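Examining the three-dimensional arrangement
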Amino acid sequence: MFNVFNISTPSIKPKAKSKIENPKLNNYQSIKMNKVRRLLKALKYALLGFLAVLLVAFLLLFAKPLWRHFVTYPIYQKQLEAFHRTKRNVPPVTGLNIYRGVLHLHSYWSHDSKG
């Protein structure tokens, strides 16, 4: 600044307030924040670990059905369709009626009958 009278005045700058008003309080806050950060970090790793365990459990439980659904059954379906394309209808040899049914039998060797 231009001084007309050539008087040197000390420059008065406002003292910048530091964020650290009380060092003890700041140390306490930093320790507290450090604990919170460690807790959040531990919580994050626990959650990621839990999700990893769930993913592994899901894969172990559903690997076989998923493999069957997406790999085995489509191959089986193609083979079955190819077989049905080669199938011929055979005319009946006799004029007898054709009956179809299921027979159920309890015998000595059966697991649910004593004879």
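Now for a quick tour of the structure. (Residues numbered from 1 in each chain as written. Predicted model: local features only at pLDDT ≥ 70, side-chain atom pairs only at ≥ 80, totals over all residues. Heavy atoms only, no water.)

Details of the environment of Phe 58
Filter applied, for reference: Numbering goes from the N terminus for both helices and strands, where a helix is a DSSP run of H or I of at least four residues and a strand is a run of E of at least two. Accessibility here uses a 1.4 Å probe with only protein chains present; expressed as a share of the type maximum, an area under 20% marks a residue as buried, one over 50% as exposed, and anything in between as partly exposed. Here a residue-residue contact requires only that any non-hydrogen atoms of the pair lie within 4.5 Å.
Mapped onto the elements of the fold, Phe 58 is located in helix H1 (residues 23-86). Looking at Phe 58, the relative accessible area reads 43%, which means it is partly exposed. If sequence neighbours within four positions are ignored, Phe 58 has contacts with Ala 63 and Leu 66.

A few points about the packing of aromatic side chains
Cut-off, in case you're wondering: Only Phe, Tyr and Trp rings take part, Trp by its six-membered ring, and two of them pair if their centres are within 6.5 Å. Stacked means planes under 30 degrees apart, edge-to-face means over 60, and tilted covers everything else. Put simply, a charge is over a ring when the Lys NZ or the Arg CZ is close to the ring centre, within 6 Å, and near the line of the ring normal, within 35 degrees.
Enumeration over the complete set of coordinates arrives at one aromatic pair. Summarising the aromatic geometry, the rings of Phe 58 and Phe 62 are spaced 5.0 Å apart at their centres and angled 45° between planes, so their arrangement reads as tilted. You can see Phe 58 and its partner Phe 62 sitting in helix H1, four residues apart, about one turn around the helix. We note Lys 44 situated over the ring of Tyr 45; from NZ or CZ to the ring centre the distance is 5.1 Å.

Focus: a nonpolar patch on the surface
The condition that has to hold: What makes a patch is a set of residues exposed beyond 30% relative accessible area and free of salt bridges, joined within 9 Å when like-charged and within 5 Å when nonpolar (Val, Leu, Ile, Met, Phe, Trp, Tyr). Calculation of accessible area relied on Shrake-Rupley with a 1.4 Å probe; when residues are assessed, cover is drawn exclusively from the protein chains displayed. We define a salt bridge as a side-chain nitrogen of Lys or Arg found within 4 Å of a carboxyl oxygen belonging to Asp or Glu.
Residues Leu 55, Phe 58, Leu 59, Leu 61, Phe 62, Leu 66 and Phe 70 make up a contiguous nonpolar surface patch of about 730 Å² in total accessible area. Within the secondary structure layout, Leu 66 lies in helix H1. The exposure class assigned to Leu 66 is partly exposed, which follows from its relative accessible area of 36%.

In short, the description is geometric, and any link to function would need to be established separately.
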